[in-house]
Amino acid sequence: MPHHTAEFQYVTGQMRPSFGDLLAQFEARNAQALSLPHWELDVAYGPHAREVMDVRPSEANALGTVVYLHAGYWQSRDKSQFRFLAPAFNAMGWDMALVNYPLCPEVSVADIVASAAQALQKAAAHQSERGRPSPIVLCGHSAGAHMATELALQQASAAAPLPIAGVVAISGVYDLQPLLDTTLNTRLKLDTDSAKACSPTHRVRPGAAPALFVWGDAETPAFHAQSQDMARLWRLQGNVTQCLAVAHADHFSVLEYVTAPDGLVAKTLQSWAGG
C-alpha cells in the first residue's frame, strides 16, 4: 500500500510485529496491578454498561487525580487493558481513574465525548466525597488523547470549571478529517461536517490547561504531524505547551516512557501539582 495514503498513515503503517508480545506483557502487568489492594472497580457514571471507571488511590499523600481515557479509535479496547498504569501513577503520587466509554458504531464520536465529560464530573465528585486532593490531570492515549483535549477545552469555557492541572495527550488524533478515507470510518460513520465538528484542532482557545503532547518517533508521519499541529495551536492561543517525541517508541511502547518515574511526564505532573 502506498505510504502516502491515509489508510497506511492511520492503520496499516502504525502496526508493528512487536504489538502482540507487548500487549501480552501489558496483560500480565494488568493482572499484577489488579492483585494490589484499594481498587474500586466499575464505578458507574452513567446508565450505559460501559459508562464505568476503575479508581485506585495513591498510598502516599496524593497530589490529585489522573483521569485516563484509553486508546481504541473510539471503537475498541477497554480500561481493563491499561490497569497496569495505575500503580505507576500512584507511585508518582497521583490517584488514578481509568474510564470506559461507549463505542462506535453504537454511538457517535460526539456521544463518546459527552460520556467522557460525564466521567470527568463523576471522577471529581467521587474524589471530593472521599476527601482526596482536587487537582485533576486529563491523560489520554490515541482516541483518549483526543477526548482529553476536548474535555480540557470544554473546561476552559465552563462557567464553573473543574481544577484541571494539565493534560497529557499521548499519540492523539486531533483532526479527524483524514480518517474519512480509511477503513476506520466504517464504524466511526463520520462525514465531512461531523469530522470537523469533532476535531479539537478547530476549537483551541485561550485559557486551556497546560498540555504535554507525547508521541513515539517510530510512529507514522501523520501521527507526528497530528501532535505537532495540536501543540502549535495550543501554544498560539497562549496556553502552556510542551512536546516530546519518545525515541524508538511506537504507538503502544510509548506508554512505557509515560510511566517512567524519572521521565518528563512524571516531572511535569509534579510541577503541575506545585511540587
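Position labels on residues start from 1 in each chain and follow its written sequence. Two thresholds apply to this predicted model, a pLDDT of at least 70 for residue-level local features and 80 or more for giving and counting side-chain atom pairs, whereas whole-chain, interface and lining totals are computed over all residues. For side-chain calculations, the full set of non-hydrogen atoms in the structure is used, while hydrogens and water are omitted.

Numbering of helices and strands runs from the N terminus, with a helix taken as a DSSP run of H or I at least four residues long and a strand as a DSSP run of E at least two residues long. Expected helix span is taken as 1.5 Å per residue step, with the number of steps being one fewer than the number of residues. With 16 residues, helix α8 (residues 221-236) should reach 22 Å at 1.5 Å per residue; the first-to-last C-alpha distance of 22 Å fits that figure. Summary of the burial criterion: residues with accessible area below 20% of their type's maximum are buried, those above 50% are exposed, and those between are partly exposed, where the area comes from a 1.4 Å probe applied to protein chains only. Every buried residue belonging to α8 is among Ala222, Phe223, His224, Gln226, Ser227, Met230, Ala231 and Trp234, and all of these are buried. Contact partners of the buried residues in α8: α1 (6-10), α5 (143-156), β7 (211-216) and β8 (241-246). The positive-phi residue at the C-terminal boundary of α8 is glycine 238, with phi of around 85°. Residue contacts are counted whenever heavy atoms from the two residues lie within 4.5 Å of one another.

Before going further, it helps to examine unusual backbone geometry. Note: most residues except glycine have negative phi, and most peptide bonds are trans. The amide bond that connects cysteine 104 to the next residue, proline 105, takes the cis arrangement and shows omega of 5°. Relative to the helices and strands, proline 105 is located in the loop between β4 (94-99) and α4 (109-129).

Counting buried positions along β4 yields 6 of 6 residues, so the element is predominantly enclosed. Residues Trp94, Met96 and Leu98 line one face of β4 and the alternating positions Asp95, Ala97 and Val99 line the opposite face, and both faces are buried. Criterion used throughout: strands pair if DSSP finds at least two bridges between them. As paired elements, strand β2 (residues 52-56) and β4 share 4 bridges and run antiparallel to each other. Each bridged residue has a counterpart across the sheet, and for arginine 56 the counterpart in β4 is methionine 96. One ladder, built from 6 bridges, connects strand β3 (residues 64-69) with β4; its direction is parallel. The partner of valine 66 across the bridge, within β4, is methionine 96. Think of it like this: strands point away, you trace from the first strand over the helix to the second, and a clockwise trace means the crossover is right-handed. Taken together, β3, helix α3 (residues 85-91) and β4 form a β-α-β motif whose crossover is right-handed.

We now examine α5. In a regular helix each residue adds 1.5 Å, so 14 residues correspond to 20 Å; α5 covers 20 Å between its end C-alpha atoms and thus fits that length. For α5, the buried fraction is high: 12 of the 14 residues fall into the buried class.

Here we have 8 strands laid out as an open sheet, ordered β1-β2-β4-β3-β5-β6-β7-β8, and mixed in their pairing. The open sheet terminates on both sides in strands that have one partner only, identified here as β1 (40-44) and β8. Put simply, the sheet's adjacent strands are angled 20° from each other on average, direction ignored. The sheet contact formed by β1 and β2 spans 3 bridges and is antiparallel. Along β2, the bridge assignment pairs valine 43 with methionine 53. Lines are fitted to the C-alpha atoms to define the axes, a helix being fitted only along its stretch in contact, and any angle between axes, read from their N-to-C directions, falls within 0 to 180 degrees. Contacts between α8 and the sheet are confined to β7 and β8, with β7 contributing the most and set at about 165° to the helix.

Looking now at the packing of aromatic side chains. We call Phe, Tyr and Trp rings a pair once their centres come within 6.5 Å, taking the six-membered ring for Trp, and we label the pair stacked below 30 degrees between planes, edge-to-face above 60, and tilted otherwise. The final tally for this structure, using the stated rule, is 7 aromatic pairs. With 5.6 Å between their ring centres and 50° between their planes, tyrosine 10 and phenylalanine 223 make a pair best called tilted. Taken together, the residues tyrosine 10 in helix α1 and phenylalanine 223 in helix α8 connect sequence positions 213 residues apart. Summarising the aromatic geometry, the rings of phenylalanine 19 and phenylalanine 252 are spaced 5.1 Å apart at their centres and angled 90° between planes, so their arrangement reads as edge-to-face. On the criterion of sequence distance, the pair formed by phenylalanine 19 in helix α2 (residues 19-34) and phenylalanine 252 in the loop between β8 and α9 (254-258) is long-range, its members being 233 residues apart. The residues phenylalanine 19 and phenylalanine 252 share a single accessibility class, namely buried. Chaining the aromatic ring pairs together yields one cluster made of Tyr174, Phe213 and Trp234.

Topologically, threonine 220 is positioned in the loop between β7 and α8. Apart from residues no more than four positions distant in its own chain, threonine 220 is found in contact with Phe8, Gln9, Gly13, Gln14 and Arg16.

This is a description of form; function is not addressed.
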